[in-house]
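Take a look at the letters that make up each chain.
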Amino acid sequence: MAKEIKTIAVLTSGGDAPGMNAAIRAVVRKGINNGVRVKGIKRGYQGLLAEEIVDLERSDVSEIIQRGGTILGTARCMEFMTEEGQQQGAEICRKHGIDGIVVIGGDGSYRGALSLSRNGINTIGIPGTIDLDIACSDYTIGFDTAINTAMEAIDKVRDTSSSHERCSIIEVMGRNAGYIALWCGVANGAEDILIPEKYDYNEQTIINNIIQNRKKGKTHHIIINAEGIGHSTSMARRIEAATGIETRATILGYMQRGGSPTCKDRYFASIMGAYAADILCEGKSNRVVAFRDGKFQDFDIEEALVMSKSIDEYQYEVSRKLSQ
């Protein structure tokens, strides 16, 4: 029989993502609507171990849906990766009367949630990462804002690249996943898109492409490079030496994590947050909220962690054909 849920908590863990605040707001308000108390845990699992725990009311989450980042803060916690740290975290939850926790973050955050569940604390995960690399979900909170931020920045770099007749390598985030690079490469009309899932590290192919395009009269060449490949600055030096064409690297970096979330991120975060609060209040545990096959659903965390996800072959082939 599922234990009665009287108090739930919410935390954000790992890298921040636009829309996390919308998810926090939804967890708090739906939880209160369901008749439970809601607490906020600051600075992720590190804050849990430090007992940085506060009560949250409806008014505490007013005027946050439009804000980027996370009002609860986030941090990476090596101590929570140990069995001792995980047991301590569960004991602190019991000390503060917390029956269940909603964890907003990526796959590393889910591993922490799994450990809490094994130690008797009900846990529900929400996919909050700009990388779109959670295998069980077709969408992750923050992705839409990140690609729009990157797209606008790449448009600006293209303008100056064209003016100076340069080759520009623009590096986007995504860790070892190429979704941001692929989407922006298509949306920005890039001549080359380099993603970890497909790149063969043959720079000569890129060099040949640049030379051929210059012969055709193109005044610039845009290369979108995924973070998982990296080394954009040294790549730029090699390409310039091989082609004689001025080549510059631009690393967009953490700007992709910031900014006011798009409507899509606010909406998905709100529905996922409410869904998480509902199933947690029902007594469910060790689940991940996901958007898959056009509907919101939940998966077992352990199953979710072993699922695989890959770049759609047709979409990748289209990206190559459109760049020619």
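Definitions and limits used
- Each chain carries its own residue numbering, running from 1 in the written order of its sequence.
- For a predicted model such as this one, the threshold for reporting local features is a pLDDT of at least 70, and the threshold for listing and counting side-chain atom pairs is 80 or more; totals across whole chains, interfaces and linings nevertheless cover every residue.
- Where side-chain values are given, they derive from all heavy atoms of the structure, hydrogens and water being excluded.
- Counting from the N terminus, the helices are the DSSP runs of H or I reaching at least four residues and the strands are the DSSP runs of E reaching at least two.
- Radius of gyration: C-alpha atoms only; globule rule: 2.2 Å multiplied by the number of residues to the exponent 0.38.
- Only protein chains enter the accessibility calculation, which uses a 1.4 Å probe; a residue whose area is less than 20% of its type maximum is buried, one above 50% is exposed, and one in between is partly exposed.
- Contacts were defined at the residue level, with two residues in contact if any of their heavy atoms lie within 4.5 Å.
- To be clear on the numbers: accessible area is Shrake-Rupley with a 1.4 Å probe, and residue cover counts the displayed protein chains and nothing else.
- Charged residues are defined here as Lys and Arg on the positive side and Asp and Glu on the negative side; His and the ends of the chain fall outside this count.
- Charged side chains are reduced to one point each, which is NZ for Lys, CZ for Arg, CG for Asp and CD for Glu.
- Note on definitions: the grid is 1 Å and covers protein atoms alone; a cavity is a set of points where a 1.4 Å probe fits but cannot get out; a pocket is an open set with protein on both sides within 12 Å along at least five of seven lines; lining residues have an atom within 4 Å of a point.
- Grid points are joined across faces, edges and corners, and a volume is the space filled by probe spheres set on the points.
- Gly falls in the polar group here, along with every residue not listed as nonpolar (Ala, Val, Leu, Ile, Met, Phe, Trp, Tyr, Cys, Pro) or charged (Asp, Glu, Lys, Arg).
- For salt bridges, the criterion is a side-chain nitrogen of Lys or Arg within 4 Å of an Asp or Glu carboxyl oxygen.
- To get an axis, fit a line to the C-alpha atoms, keeping to the stretch in contact for a helix; angles then go from 0 to 180 degrees between the N-to-C directions.
- Two helices cross in a left-handed way if the nearer one is turned anticlockwise from the farther one by less than a right angle. They cross in a right-handed way if the turn is clockwise.
- Strand pairing is assigned whenever DSSP identifies at least 2 bridges connecting the two strands.
- Expected span of a helix, by definition, is 1.5 Å for each gap between consecutive residues, and there is one gap fewer than residues.

Chemist: I tried to follow the overall build of the protein on my own but got confused; where do I start?
Modeler: Each helix and strand in the protein was counted, giving eleven helices and eleven strands. A compact globule built from 324 residues should have a C-alpha radius of gyration of about 20 Å, and the protein, at 22 Å, falls within 12% of that. Projected onto the principal axes, the alpha-carbon positions of the protein cover approximately 70 × 35 × 35 Å. Within the protein, the proportion of its 324 residues that are buried is 55%. For the protein, long-range pairs separated by at least 24 residues make up 73% of all intrachain contacts whose partners lie at least 6 apart in sequence. Put simply, the protein shows about 14,200 Å² of open surface, and 47% of that area lies on carbon and sulfur atoms. Put simply, the protein has 38 plus and 42 minus side-chain charges, and the middle of one group is 2 Å from the middle of the other.

Chemist: I keep staring at the layout of surface pockets and nothing clicks. Help me out?
Modeler: Where empty space is left becomes clear once a probe the size of a water molecule has been rolled over the atoms. Looking at the largest pocket, its volume works out to about 630 Å³. As for the largest pocket, its lining consists of 31 residues, and the residues nearest its centre are Gly14, Gly15, Arg76, Gly108 and Arg175. Listed by contribution, the elements that provide at least two residues to the lining of the largest pocket are helix H4 (107-118) and strand E6 (167-172). The greatest single-element share of the lining of the largest pocket, amounting to five residues, is contributed by H4. Residues belonging to the lining of the largest pocket are distributed by class as follows: ten nonpolar, twelve polar and nine charged. By volume, the second largest pocket amounts to about 460 Å³.

Chemist: I keep staring at the environment of Ala290 and nothing clicks. Help me out?
Modeler: Tracing the chain through its elements places Ala290 in strand E10 (residues 287-292). Using a relative accessible area of 0% as the deciding quantity, one classes Ala290 as buried. Non-local contacts of Ala290, meaning those with residues more than four positions away in its chain, are made with Cys136, Ser137, Met272, Lys295, Phe296, Gln297 and Phe299.

Chemist: What is the right way to look at the pattern of salt bridges in this model?
Modeler: Opposite charge on two side chains lets them pair, provided their charged atoms get close. Per the counting criterion, the structure on display carries 20 salt bridges. Its salt-bridge partner being Glu51, residue Lys95 comes within 2.9 Å of it at the nearest N-O pair. Remark: Glu51 occurs in the loop between helix H2 (44-49) and strand E3 (53-55) and Lys95 occurs in helix H3 (residues 83-95); sequence separation between them is 44 residues. Between Asp298 and Arg287 there is a salt bridge; the shortest N-O distance is 2.8 Å. Of this pair, Asp298 sits in strand E11 (residues 295-300) while Arg287 is found in strand E10, placing the two residues eleven residues apart along the sequence. For Asp298, a relative accessible area of 11% corresponds to the buried category. One network of salt bridges, with partners in common, ties together Asp107, Asp131, Asp133 and Arg175.

Chemist: What exactly am I supposed to notice about the packing of helix H1 (residues 20-33) against helix H9 (residues 263-281) here?
Modeler: When two helices pack together, their arrangement is given by the angle between their axes and by how far apart the axes lie. Put simply, H1 and H9 touch, their axes get as near as 7 Å, and they point 35° apart. Handedness of the H1/H9 crossing: right-handed. Judged by residue contacts, Ala22, Ala23, Ala26, Val27, Lys30 and Gly31 of H1 engage Arg266, Ala269, Ser270, Gly273, Ala274, Ala277 and Asp278 from H9.

Chemist: I tried to follow the pairing of E6 on my own but got confused; where do I start?
Modeler: Among the six residues that make up E6, six are buried, leaving the element largely enclosed by the rest of the structure. The side-chain alternation of E6 yields two buried faces, one formed by Cys167, Ile169 and Glu171 and the other by Ser168, Ile170 and Val172. Note that E6 and strand E9 (residues 247-251) share five bridges and pair parallel. By the bridge assignment, Cys167 is partnered in E9 with Thr247.

Chemist: In this structure, what is going on with H3? I would like to understand it.
Modeler: Counting along an α-helix, one turn takes 3.6 residues, and residues three or four places apart therefore face a common direction. For H3, spanning 13 residues, the distance from its first C-alpha to its last is 18 Å, which sits close to the expected 18 Å at 1.5 Å a residue. Phi turns positive, to about 75°, at Gly97, one or two residues after H3.

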